[in-house]
Amino acid sequence: MHEITEDQASPRIKQLSIFLENRLGALLGVTRVLEAQNINICAVSVTDAADHAVVRVVVDRPSLAAASLQAEGYHIMESELLGVALPAARVGGFRKLLTALARAELNVHYVYAVATHNPMGAVLALHVEDMDRAARVLVESG
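Residues numbered from 1 in each chain as written. Predicted model: local features only at pLDDT ≥ 70, side-chain atom pairs only at ≥ 80, totals over all residues. Heavy atoms only, no water.

**Digging into the nonpolar core**
Thinking step 1. One finds Leu82, Leu97, Leu101, Leu126 and Leu138 to be the most contacted residues of the largest nonpolar core, which totals 16 residues.
Thinking step 2. Here this core gets five residues from one element, more than from any other, and that element is helix α4 (residues 131-141).
Thinking step 3. Excluding its chain neighbours within four sequence positions, the residues that come into contact with leucine 138 are Leu82, Val84, Leu97, Ala100 and Leu101.
Thinking step 4. Core analysis: the second largest hydrophobic core is formed by 15 residues, Ile18, Leu20, Ala26 and Ala66 among them. (Core = buried A, V, L, I, M, F, W, Y, C linked by side-chain atoms within 4.5 Å. Buried < 20%, exposed > 50% of the residue type's maximum accessible area, 1.4 Å probe, protein only. Helix = DSSP H or I, 4+ residues; strand = E, 2+ residues; numbered from the N terminus. Contact = heavy atoms within 4.5 Å.)

**Quick notes on a positive patch on the surface**
Thinking step 1. A surface patch of like charges, here positive, comprises Arg90, Arg95, Lys96 and Arg103.
Thinking step 2. As for its placement among the helices and strands, arginine 95 is situated in helix α3 (residues 93-103). (Patch = residues over 30% accessible without salt bridge, like charges linked within 9 Å, V, L, I, M, F, W, Y side chains within 5 Å. Areas by Shrake-Rupley, 256 points an atom, 1.4 Å probe, with all protein chains shown as cover. Salt bridge = Lys/Arg side-chain N within 4 Å of Asp/Glu carboxyl O. Lys, Arg positive; Asp, Glu negative; His and termini not counted. Charge placed at Lys NZ, Arg CZ, Asp CG, Glu CD.)

**A short note on the side chain of serine 68**
Thinking step 1. With respect to the helices and strands, serine 68 occurs in helix α2 (residues 62-71).
Thinking step 2. Classification of serine 68 as buried rests on a relative accessible area of 11%.
Thinking step 3. Residue contacts for serine 68: discarding those within four places in its chain leaves Val33 and Gln37.

**Details of the packing of helix α1 (residues 26-36) against α2**
Thinking step 1. The geometry of α1 relative to α2 is characterised by a closest axis approach of 10 Å and an angle of 125° between their N-to-C directions. Considered as vectors, α1 and α2 are oriented oblique to each other. Where α1 crosses over α2, the handedness of that crossing is right-handed. From α1, Val30, Val33 and Leu34 reach across to α2, where they touch Ala65, Ser68 and Leu69. (Axes fitted to C-alpha atoms, helices over the stretch in contact; angles between N-to-C directions. Parallel < 35°, antiparallel > 145°, perpendicular 65-115°, else oblique. Left-handed = near helix turned anticlockwise from the far one by under 90°.)

**Brief notes about α3**
Thinking step 1. For α3, the complete set of buried residues consists of Gly93, Leu97, Ala100 and Leu101. An end-on view of α3 places all buried positions within 95° of arc, on one side of the element. Residues of α3 that are exposed and point more than 90 degrees away from the buried face comprise Arg95, Ala102 and Arg103.
Thinking step 2. At the exit of α3 stands glutamate 105, carrying a positive phi of roughly 60°. (Arc of directions from axis to C-beta.)

**So, the packing of aromatic side chains**
Thinking step 1. All told, the structure shown has one aromatic pair when counted by the stated rule.
Thinking step 2. Judged by centre distance (6.3 Å) and plane angle (5°), the ring pair of tyrosine 110 and tyrosine 112 falls under stacked. With respect to burial, tyrosine 110 and tyrosine 112 carry one shared label: buried.
Thinking step 3. The positively charged end of arginine 56 is found above the aromatic ring belonging to tyrosine 110, 3.8 Å away from the centroid. (Phe/Tyr/Trp six-rings, centres within 6.5 Å; stacked < 30°, edge-to-face > 60°. Lys NZ or Arg CZ within 6 Å of the ring centre and 35° of its normal.)

**Overview of unusual backbone geometry**
Thinking step 1. Unusually for a residue other than glycine, asparagine 38 sits at a positive phi of about 60°.
Thinking step 2. With respect to the element layout, asparagine 38 can be found in the loop between α1 and β3 (41-48).
Thinking step 3. By relative accessible area, asparagine 38 is classed as exposed at 64%.
Thinking step 4. Phi is positive for glutamate 105, close to 60°, though the residue is something other than glycine.
Thinking step 5. Of note, glutamate 105 is situated in the loop between α3 and β6 (108-114).
Thinking step 6. Residue classification places glutamate 105 among the exposed residues on the basis of a relative accessible area of 66%.

None of the figures reported here should be taken as evidence of function without further support.
Here it is, written out as structure tokens:
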């Protein structure tokens, strides 16, 4: 079962950002720690620079994952993302979501897909500048 927090009608997804040296096997080490605790990675995004990488992950048990990674010496940061389901059968759902946020003058910092068992469509994890306001805007816009 995924650990999520809920605020009104908008699910919040816990994200872990892991700071790694840009070296061979660094990401593999993270997966070994998570696998040893039977933690499933549901989404991953990697941003790299010359000497480091930021690995953003959504896992099924973020509290245990954070504790396990910190115990192994990894530097991590926890944050919340807004989880938004997009119906698979509706064309333009992502555009509608972005339009609603743009009309409310809310920037999207980043977005990526989350693997779920939702047969109705994709779930997107969004990091936006004002999570509470974005949640209200999206609920109001349908």
